[in-house]
Amino acid sequence: MAGTEIFGIEEIRVLTDVIERKMIHRYGSHSVRSGIYRVEEFEEKAKKITGSKHALALTNGTAALITALKGIGVGPGDEVITSPFTFIATIEAIVACGAVPILGEIDETLALDPVSAEKLITKKTGALIPVHMFGAAADVDAFVEIGKKYGIPVIEDACEVVGGTYKGRYLGSIGDCGTWSFDPNKTLTVGEGGLILTDDEDLWFKMDCYHDHGHVHSKKHDRGEEGKFGLGVNYRLSELQGALGVVALDKMPAALEKLRRTKKRIIDSVKDTGIKVRPMHDLEGDTASHLIFMLPSPEAAVSFRRAAGETGTGFSIISENTWHYAKHWKALEEMGEKDFFGTKAPSYAPETMAATEAKLSRAVMTGLNINMSDEDTERIINSVRSGAETALR
Ligand SMILES: Cc1ncc(COP(=O)(O)O)c(C=O)c1O
C-alpha cells in the first residue's frame, strides 16, 4: 500500500541529479538551470496520462484541496457537501477556507451517495466533493450532472486513487477539478506531494497563482519581476519531489497491474464461498489497493474478522476506522451546531450518520501490497475462505 515499496535505483538517480545540480526551486533561475524543470515534467506527465488540460503539483493532497476550494472561490459562510467516509483532510480543507462541511451519507459502494448529496444543496452550497475511497470511484457522472443542474462546482477528492479510472477516464480529471495525493501511505509516493487536475484554464490560473504567493508565473522574468494575482500561500513542490513524481508516474502502470492481478486472484479464489465483494461504480477502474467484503450484518463482520485473523490475515471493520470515518472525529463533533461566519453548522453527532454506519459496520477490509508474494496471497485467500465459512454459516 505504501509507494516506498517500489523505490529503487531510479529514485536514487533522479534525486542525486537534482542535488548535484543544486537546483531545488521549481521556479526562477531560468538562465542557469539548463532548461530542467522537474516539477513541470511531473505536471506534464500527469496531463499526458489523464488527458487533463492542466495539472498543478503542490506540497500535499490537503494543500491541493484547499487550493481547489480557494480557486473556485469557496469562502467564509459557504457550505461544502462531502462524505463522512474520507480522510479528515477533506473536512479540514473546507474548514480552512472558512466554509461549513455538510456530510451526506454513503452508497453501497462506500462513496458519497449522489441522492443524499443533492438533498443537502442550499443557496449556500459552494462545492460538492465526492471522495473516491480505498481504490474505487464515486458515481462521478451523477455528481457532474448534479453540479451542472445547480451550477455548483465538483471537486473530486481522488487523493486515494491515483491511476484509478471511471468509465475509461482518470479519477480526478472528470469534475471541475480533482486532487491526487502522493503522501507516504499512498500507492505512489514522493515523500509528500499533491496534484490538481483541471480542464478549466481560468481555475488553473487562479490556483497556480494562489499556491505560490500570488505569482503570475513566467519564464520570461525572474521571480522578483513576476506580476502578482492577489495573495496566496506557499504550497510549492520542490524539484526533489517533482523528480520523484516523474518516476512514480512512470512506475504507475506496472504497480497497478500487479495490485489488480493479486486482487483478481484472491476474488476468483473465494467466489464459491458466496462472500460479497464491495460493489463498485466501475470495477475495471479499481486501483486494487484495498480488498473489501460486505457481510450481511455487523455481527457477521465481527465473526469474519475473528476467523480471518485466526488464519493469519488482519481484517478491520471499516466503521471502527478512526482515520477515515467522521463518526470518530471529536474535534468535528464539537464544531456541530456552532456559527461559522454567519452560517450554522449542522450536528456532526454519530446519530446523523446512520445510513453510513449501516454500511461501514458490515464492511471488512485489508490492504494489498504491490509486491505481494504467492505465500502472502495464498494466506489471504485462506483467511477469506475461513472468514466466509464462519460468517456466512
Ligand atoms: C481522501 C483523502 N483526501 C485527502 C488526503 C490528504 O492528502 P495528503 O496526506 O497528501 O495531504 C488524503 C490522504 O490521506 C485522503 O486519503
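Owing to the predicted nature of the structure, the values given are computational and were not obtained by experimental measurement.

Engineer: Can you help me understand the overall build of the protein chain in this one?
Structural biologist: Helices and strands together make up the secondary structure of the protein chain, namely 12 helices and 15 strands. At 21 Å, the protein chain has a C-alpha radius of gyration in line with the 21 Å of a compact globule built from 393 residues. Each principal axis of the C-alpha distribution contributes one length, and for the protein chain these read about 70 × 55 × 35 Å. Taking all 393 residues of the protein chain together, 55% fall into the buried category. In the protein chain, once contacts between residues fewer than 6 apart in sequence are set aside, the share between residues at least 24 apart is 69%. Total accessible area on the protein chain stands at roughly 16,200 Å², and carbon and sulfur atoms take up 54% of it. Of the side chains in the protein chain, 46 bear a positive and 57 a negative charge, and the two mean positions are spaced by 1 Å.

Engineer: Hey, could you run me through empty space enclosed by the protein in this one?
Structural biologist: To find leftover empty space, one rolls a probe the size of a water molecule over the atoms. Under the definition given, this model contains 2 cavities of 30 Å³ or more. Put simply, the largest cavity is a space of about 50 Å³. Lining the largest cavity are Cys159, Glu160, Val161, Val162, Ser181, Lys186, Thr187, Leu188 and Thr287. Split by residue class, the lining of the largest cavity holds 4 nonpolar, 3 polar and 2 charged. Looking at the second largest cavity, its volume works out to about 30 Å³. Lining the second largest cavity are Gly3, Ile6, Phe7, Glu11, Leu188, Thr189 and Ala248. Here the residues of the lining of the second largest cavity sort into 4 nonpolar, 2 polar and 1 charged.

Engineer: Help me out: how do you make sense of the pattern of salt bridges in this one?
Structural biologist: A side chain with one charge may pair with a side chain of the opposite charge, provided their charged atoms come close. Scanning all chains against the criterion turns up 30 salt bridges. With a shortest N-O distance of 2.7 Å, lysine 149 and glutamate 118 are connected by a salt bridge. Separated by 31 residues along the polypeptide, lysine 149 in helix H6 (residues 140-150) and glutamate 118 in helix H5 (residues 114-119) bring together distant segments of the chain. Shared partners join several salt bridges into a network, and the residues in it are Asp17, Arg21, Arg38 and Glu41.

Engineer: I keep staring at the pairing of strand S9 (residues 194-198) and nothing clicks. Help me out?
Structural biologist: The two faces of a sheet get side chains in turn, since along a regular strand they alternate between them. Extensive coverage of S9 is indicated by the burial of 5 of its 5 residues. Going residue by residue along S9, you find Gly194, Ile196 and Thr198 tucked away on one face and Leu195 and Leu197 tucked away on the opposite face as well. Here strand S1 (residues 54-58) pairs with S9 via 5 bridges, running antiparallel. Pairing of alanine 55 across the sheet is with leucine 197, part of S9. The pairing of strand S8 (residues 177-181) with S9 spans 5 bridges and is antiparallel. If you follow threonine 179 over to S9, its bridge partner there is isoleucine 196.

Engineer: Sorry if this is basic, but what is going on with the site of the ligand here?
Structural biologist: The local shell around the ligand holds 15 residues, among which Gly61, Thr62, Glu160, Asp183 and Lys186 are the closest. One of the backbone nitrogen or oxygen atoms of glycine 61 is found 2.7 Å away from an oxygen atom of the ligand. Isolated, the ligand exposes 390 Å² of accessible area, and the fraction of that covered by the protein chains is 93%. In a pocket analysis with a 2 Å cut-off to the grid points, the ligand is assigned to the largest pocket. Secondary-structure elements contributing two or more residues to the shell around the ligand are helix H3 (61-72) and helix H4 (88-96).

Engineer: Just to check I follow, could you spell out the packing of aromatic side chains for this structure?
Structural biologist: The way to describe two aromatic rings as a pair is by their centre distance and the angle between their planes. Considering all chains together, one arrives at 9 aromatic pairs under this definition. Summarising the aromatic geometry, the rings of tyrosine 210 and tyrosine 235 are spaced 6.4 Å apart at their centres and angled 70° between planes, so their arrangement reads as edge-to-face. With tyrosine 210 in helix H7 (residues 201-210) and tyrosine 235 in the loop between H7 and helix H8 (239-270), this pair connects stretches of sequence that are 25 residues apart. For the residue pair tyrosine 210 and tyrosine 235, the accessibility class agrees, reading buried in each case. An aromatic cluster is present here, built from Phe42, Trp180 and Phe182 joined pairwise through their rings. The cationic tip of lysine 219 hangs over the ring face of tyrosine 37; the distance from NZ or CZ to the ring centre is 4.1 Å.

What counts and how
Residues numbered from 1 in each chain as written. Predicted model: local features only at pLDDT ≥ 70, side-chain atom pairs only at ≥ 80, totals over all residues. Heavy atoms only, no water. Helix = DSSP H or I, 4+ residues; strand = E, 2+ residues; numbered from the N terminus. Rg over C-alpha atoms; globule rule 2.2 N^0.38 Å. Buried < 20%, exposed > 50% of the residue type's maximum accessible area, 1.4 Å probe, protein only. Contact = heavy atoms within 4.5 Å. Areas by Shrake-Rupley, 256 points an atom, 1.4 Å probe, with all protein chains shown as cover. Lys, Arg positive; Asp, Glu negative; His and termini not counted. Charge placed at Lys NZ, Arg CZ, Asp CG, Glu CD. 1 Å grid on protein atoms, 1.4 Å probe; cavity = no way out; pocket = protein on both sides within 12 Å on 5 of 7 lines; lining within 4 Å. Points joined across faces, edges and corners; volume = space filled by probe spheres on them. Nonpolar A, V, L, I, M, F, W, Y, C, P; charged D, E, K, R; others polar. Salt bridge = Lys/Arg side-chain N within 4 Å of Asp/Glu carboxyl O. Pairing = 2+ DSSP bridges. Near = heavy atom within 4 Å. Polar contact = N/O pair within 3.5 Å; in protein donor to acceptor, adjacent residues only side chain to side chain. Sits in = over half its atoms within 2 Å of the grid points. Phe/Tyr/Trp six-rings, centres within 6.5 Å; stacked < 30°, edge-to-face > 60°. Lys NZ or Arg CZ within 6 Å of the ring centre and 35° of its normal.

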